[in-house]
Amino acid sequence: MQPDQTPAGADTAAQTENAAGTRADETSSENGAETTTPEPVTSGRQARPWLLALLLAALIALLAYRPDWRTDAATWARTTAMQTFDISPRDVYTARLRIAGLADSALGERWRSAVARAADDPGRFSTRYATRGTFEPDTIEAHVFQTALERGERFQVRLLRDAPACTDCRSALYADIERRDADSDDPNAWATVRMLGTDGDVVNFVAERDGDYRVVLQPELAAAVGYQLAMARGGSLSFPVTGAAARDIGSGFGAPRDGGSRKHHGVDIFAARGTPVTAVADGRVRTGTGGIGGKHVWLSSGMLGIGGARYYYAHLDAFNVESGDSVSTGDVLGYVGNTGNARTTPPHLHFGIYTTFGPVDPAPFLRPAPDLPES
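If you're wondering where the values come from, they're calculated on a predicted model, not measured in any experiment.

Counting across every chain of the model gives 1 cavity of 30 Å³ or more. If you add up the space inside the largest cavity, you get close to 60 Å³. Taken together, Trp111, Phe135, Thr139, Ile140, Glu141, Pro219, Glu220, Leu221, Ala222 and Ala223 make up the full set of residues lining the largest cavity. The residue inventory of the lining of the largest cavity, partitioned by class, reads 7 nonpolar, 1 polar and 2 charged.

Listed below in structure tokens is the structure:
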């Protein structure tokens, strides 16, 4: 018998509470005279511009007082604007070539088509990859490295540009992560999702949807650039059962339940009764003892447990937390059991992930963490 582990009401929206209010612009007639509700006082609205101006002035003063914060704010603003409008530094350089009248020249056209040429035969990898590369000043090319990621996988990249050979030579290297959705039929439907630095810092990127992902490297015209690149992919969450691993998952996401009338909205991780189960994120917890999940815990991530994903731990043998507790990643929430409709099965944890748009497959989140190789 396969246990039914979809939590009751998991995909049901909360009911809207009724609120008392008054009706504006209501008029009444008495003895032929009409009265109208007076307009509300607007002094609060008039004060808002002044309050916003004061807050803006305070922010400017703070940034002027802290140069390090000013640099971080400028970087954040530039990155946010580019990602919002799908503009990469390479796109900016292309615009500069157009302004200089070089974009349609033979050199400009070859530079603009370099990524498409490299994409015909990209470097592909599955788990981890490291390489050293060089762009010679007399060549016009790009380097592309591609892999496929599932939602919830973590992609780590470390890119270090070699020091320029001279103080006045061209050395700009444009680098970013691009995505093409898994259901796209357009081979050119690549969008920039993250810009990469070239200072050797590790960039962590968690895939928000299934698709092909690639790292694109291209220097400016006539640039002589060497680089070291390392990449790895893996899970983005710690495993929720102490001592267990992906091999202990016995029933996957989407498996049929109740004769195929519904699907399994999580994974079953089998372990000995009493094995600790741990928080995969910081957040707040809510415990329960009824329904098909038996003793279960909801862990809500995000600020104060609001706005993030919700993680569902079911069939517990006992709790180690109480409703309303704040927990940190790694804290013990309870212990593996087979309560609820799992009482006829071996002890296991049913683990589910729920977002605003419903349940998602936890398996990619729970893969071994990325192991970045030395480049």
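So much for the structure itself; the text now carries on.
To continue, consider the sheet that holds strand S7 (residues 173-181). Ordered in space as S3-S5-S10-S7-S8, the 5 strands form an open sheet in which the pairing is mixed. The strands lining the two open edges of the sheet, one partner per strand, are strand S3 (123-124) and strand S8 (191-195). Alignment of strand S5 (residues 143-149) against strand S10 (residues 211-219), held across 7 bridges, turns out to be antiparallel. Pairing of histidine 143 across the sheet is with leucine 217, part of S10. Across the face of the sheet, helix H3 (residues 89-99) comes into contact with S7, S8 and S10 while running at roughly 115° to S7.

Structurally, valine 332 can be placed in strand S21 (residues 332-336). Judged by its relative accessible area of 27%, valine 332 is partly exposed. Spatially, the C-alpha atoms of valine 332 and phenylalanine 319 are 8.8 Å apart, while their sequence positions differ by 13 residues. Sequence-distant contacts of valine 332, defined by excluding residues within four places in its chain, comprise Pro276, Val277, Thr278, Asn320 and Val321.

Time to look at the packing of aromatic side chains. Each pair of aromatic rings is reported with the distance of its centres and the angle of its planes. As enumerated under the stated definition, the model contains 11 aromatic pairs in all. Aromatic pair tyrosine 311 and phenylalanine 351: ring centres 6.2 Å apart, planes at 10°, arrangement stacked. Separated by 40 residues along the polypeptide, tyrosine 311 in strand S19 (residues 306-319) and phenylalanine 351 in strand S22 (residues 348-355) bring together distant segments of the chain. Comparing tyrosine 311 with phenylalanine 351 shows no difference in burial state: the two are buried. Its guanidinium or amino end placed over the ring of tryptophan 190, arginine 214 lies 4.1 Å from that ring's centre, counting from NZ or CZ. The positively charged end of arginine 310 is found above the aromatic ring belonging to tryptophan 298, 4.4 Å away from the centroid.

Rules and cut-offs
Residues numbered from 1 in each chain as written. Predicted model: local features only at pLDDT ≥ 70, side-chain atom pairs only at ≥ 80, totals over all residues. Heavy atoms only, no water. 1 Å grid on protein atoms, 1.4 Å probe; cavity = no way out; pocket = protein on both sides within 12 Å on 5 of 7 lines; lining within 4 Å. Points joined across faces, edges and corners; volume = space filled by probe spheres on them. Nonpolar A, V, L, I, M, F, W, Y, C, P; charged D, E, K, R; others polar. Pairing = 2+ DSSP bridges. Helix = DSSP H or I, 4+ residues; strand = E, 2+ residues; numbered from the N terminus. Contact = heavy atoms within 4.5 Å. Axes fitted to C-alpha atoms, helices over the stretch in contact; angles between N-to-C directions. Buried < 20%, exposed > 50% of the residue type's maximum accessible area, 1.4 Å probe, protein only. Phe/Tyr/Trp six-rings, centres within 6.5 Å; stacked < 30°, edge-to-face > 60°. Lys NZ or Arg CZ within 6 Å of the ring centre and 35° of its normal.

Such coordinate-based values are descriptive only and should not be taken to indicate function.
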